[in-house]
Amino acid sequence: MKTGPLALTLGDPAGIGPEIVVRAWRALRRERIPFFVVGDARTLASAANGDGDAVRTISSSEEVEAVFADAIPILDLPLTTPVVAGQPSPAAAGPIIQWIETAVGLALSGAVSGVVTAPIAKAPLYAAGFKFPGHTEFLGELTSAASFEGARGPIMMLTAADLRATLVTVHEPLSRVADKLTLEALVHAGLVTAQAMQRDFGIAAPRIAVAGLNPHAGESGTIGQEEVKLVEPAVRALRELGVDAKGPYPADTMFPAEVRATYDAALCLYHDQALIPVKMLDFWGGVNVTLGLPIVRTSPDHGTAFDIAGRGIARADSLIAAIRLAAEIAQRRT
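Residues numbered from 1 in each chain as written. Predicted model: local features only at pLDDT ≥ 70, side-chain atom pairs only at ≥ 80, totals over all residues. Heavy atoms only, no water.

(A) The arrangement of the packing of aromatic side chains in detail. Within this structure, the stated rule accounts for five aromatic pairs. Judged by centre distance (5.0 Å) and plane angle (70 degrees), the rings of F35 and F68 are edge-to-face. Of this pair, F35 sits in strand β2 (residues 35-39) while F68 sits in the loop between α3 (64-67) and β4 (72-76), and the two are 33 residues apart along the sequence. Summarising the burial analysis for this pair, F35 and F68 share the class buried. When the ring of F130 is compared with that of F138, the centres are 5.2 Å apart and the planes differ by 85 degrees; the resulting orientation is edge-to-face. In this pair, the class of F130 matches that of F138, namely buried. In textbook terms, an aromatic cluster arises when at least three aromatic residues are bridged by ring pairs, as seen for F130, F132 and F138. (Phe/Tyr/Trp six-rings, centres within 6.5 Å; stacked < 30°, edge-to-face > 60°. Helix = DSSP H or I, 4+ residues; strand = E, 2+ residues; numbered from the N terminus. Buried < 20%, exposed > 50% of the residue type's maximum accessible area, 1.4 Å probe, protein only.)

Structure, rendered in structure tokens:
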């Protein structure tokens, strides 16, 4: 079945979002993965016209297919103040939030098949009163009233090459990770992951490998008790729920190619446990996927890169991969 276009939010307009959006469109314009931008048309045109690319304002997602091969379609929701590349400002927070809210609303209404978000910076949003740790939690709130079958997220997954790694805790200081881990959180993340593997990745009987927290996965409780008290009971609970979960495994031996071939997703307990292997496998092309939402959402696995914004050197590999993956997931859901 045919799916609608993707909505791509512009991200922080002072970051590399506008220029990588242009590069992504240039790479995908001849493929059948149409998308349109939700953001500020003037900012996007400034990034595009330096390369001679066209930007065309649209008023509806229905116009995208006729425009996409020749110009970058954009639903123009203007900034209220000028933007300077590399200089983030809380003044842009309102429009940035509006772009995300608009894209999510379009996805919930069925006007688009999914949302791809260019990077945002948290500090300028916090300065303007933003209450969420990041995109993932905000999207969870925006979609909380929509119906959804199965275990609900948001749960963050990072993908690169053949690795899919989900996170139980995300942006927690390492000193607080152990306190944040609970049996309920582990089981919930594992269940969301398993169901997403079936629904969004087409794996009928997914195998989930669960990482330990401590060196050597605790060495039978001699190097920490979290594996004995939390991870092992969580694996048993997941298996009782019908999930093919195994572990805990020592994190330092989970990610060689031979081991990755034995599972479909790794359940990781903290940020760097997942992000380091993902970035080692494909530093430029990793993708962030939000699992357990009633809408499809992906994003590039990098930040705003204010230090190089506007210089024309930012690579769009991760955004291109995020768009392609969003289209694949949307097709499976259709």
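(B) Representation of helix α1 (residues 17-28) within the structure. The terminal C-alpha atoms of α1 lie 16 Å apart, and with twelve residues this matches the ideal 16 Å at 1.5 Å per residue to within 8%. Burial analysis of α1 places nine of its twelve residues in the buried class, the great majority of the element. Buried residues of α1: G17, P18, E19, I20, V21, V22, A24, W25 and L28, and no others. (Expected span 1.5 Å × (residues − 1).)

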